[in-house]
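What follows is each chain in one-letter form.
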Amino acid sequence: MTETTAAATRILLADDHALVRRGVRLILEGEPDFAVVAEAGDGAEAVRAAAAHHPDLAILDVAMPRMTGLQAARELAQSQPGLRILMLSMYDNEQYFFQALKAGACGYVLKSVADRDLVAACRAVGRGEPFLYPGAVTALIRNYLDRARDGKEVPDSLLTPREEEVLKLIAEGHTSQEIADTLVISVKTVHRHRANLLHKLGMRDRLELTRYAIRAGLIEP
């Protein structure tokens, strides 16, 4: 880890692959105005690390175990309003991108071009500007045109943040008791959330919920 200077942007880096974190750290620490002050292997660790280290910028992988980067972004946006958030993803996927914006992220960087875009993205969000890769700009325009053509508004989210947490854990194969322990709620509450999920989404079983979780970007296929 490089020595942090007073002017350096303090960065939290969260990705469940150590090799990716190492590569991203090398890119960032090649710049004198960046310092990686903490790392995390999942979203829950990222939230704890942000509380402990108070970074200026959090770089979060979109899909991580236990708590996704999207879920962590929502929590961090609420608990640390001044923290800037940048999402890192291997997927050029409109759904991930729009969910990242809704979660409070200032930018979205593809891992495939991180060596080219990451430094520029960090500097842009540091100035309070959004960073969008070219495909994301196209997606924004297409989304706007589609909605205007159809004459309808798309709801921000069908599920509540808690329902998304339960859905993710169900899709990862956890039992009701494990979900209850993880979220510090009762098994009865887990069962109620599961019933609500099935009803809201018009689905019948865990398999269909898991497929939905993959499409929604809560877990990786």
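Our subject is the structure listed above.
The notes below deal with the structure included here. As the structure is a prediction and not an experimental result, all values here were calculated from the model.

A short note on helix α7 (residues 161-171)
Here comes step 1: Counting buried positions over the eleven residues of α7 gives eight, a clear majority of the element.
Here comes step 2: Taken as a whole, α7 has its buried residues at Glu 163, Glu 164, Val 166, Leu 167, Lys 168, Leu 169, Ile 170 and Ala 171.
Here comes step 3: Buried positions along α7 lie against α3 (69-79), α8 (176-183), α9 (187-201) and α10 (206-215).
Here comes step 4: Downstream of α7 by one or two residues, Gly 173 has phi in the positive range, about 95°.

Structural notes on the side chain of Lys 168
Here comes step 1: Its location among the elements puts Lys 168 in helix α7.
Here comes step 2: Those residues in contact with Lys 168 that sit more than four places away from it in its chain are Met 64, Pro 65, Arg 66, Met 67, Thr 68, Gln 71, Leu 218 and Ile 219.

Some words on unusual backbone geometry
Trans is the common state for peptide bonds, and a negative phi is the common state for residues other than glycine.
Here comes step 1: Positive phi is not limited to glycine here, since His 54 has a value of about 50°.
Here comes step 2: His 54 gets classed as exposed once you look at its relative accessible area, which sits at 53%.
Here comes step 3: Phi angles above zero are rare outside glycine, and Val 184 is one such case at about 55°.
Here comes step 4: Counting through the fold element by element, Val 184 comes out in the loop between α8 and α9.
Here comes step 5: Looking at Val 184, the relative accessible area reads 72%, which means it is exposed.

A short note on the sheet that holds strand β2 (residues 34-40)
Pairing between the strands of a sheet is mediated by backbone hydrogen bonds and can be parallel or antiparallel.
Here comes step 1: One open sheet accounts for six strands, arranged β2-β1-β3-β4-β5-β6; its pairing is parallel. The open sheet terminates on both sides in strands that have one partner only, identified here as β2 and β6 (131-132).
Here comes step 2: For strand β4 (residues 84-89) and strand β5 (residues 107-110), the ladder comprises four bridges, and the chain directions are parallel. Paired with Ser 89 across the bridge in β5 is Leu 110.
Here comes step 3: Across the sheet, helix α5 (residues 114-126) lies against β2, β3 (57-61), β4, β5 and β6, angled at about 165° from β4, the strand it touches most.

About the thresholds
Residues numbered from 1 in each chain as written. Predicted model: local features only at pLDDT ≥ 70, side-chain atom pairs only at ≥ 80, totals over all residues. Heavy atoms only, no water. Buried < 20%, exposed > 50% of the residue type's maximum accessible area, 1.4 Å probe, protein only. Helix = DSSP H or I, 4+ residues; strand = E, 2+ residues; numbered from the N terminus. Contact = heavy atoms within 4.5 Å. Pairing = 2+ DSSP bridges. Axes fitted to C-alpha atoms, helices over the stretch in contact; angles between N-to-C directions.

Spatial relationships are all this shows, so hold off on functional conclusions.
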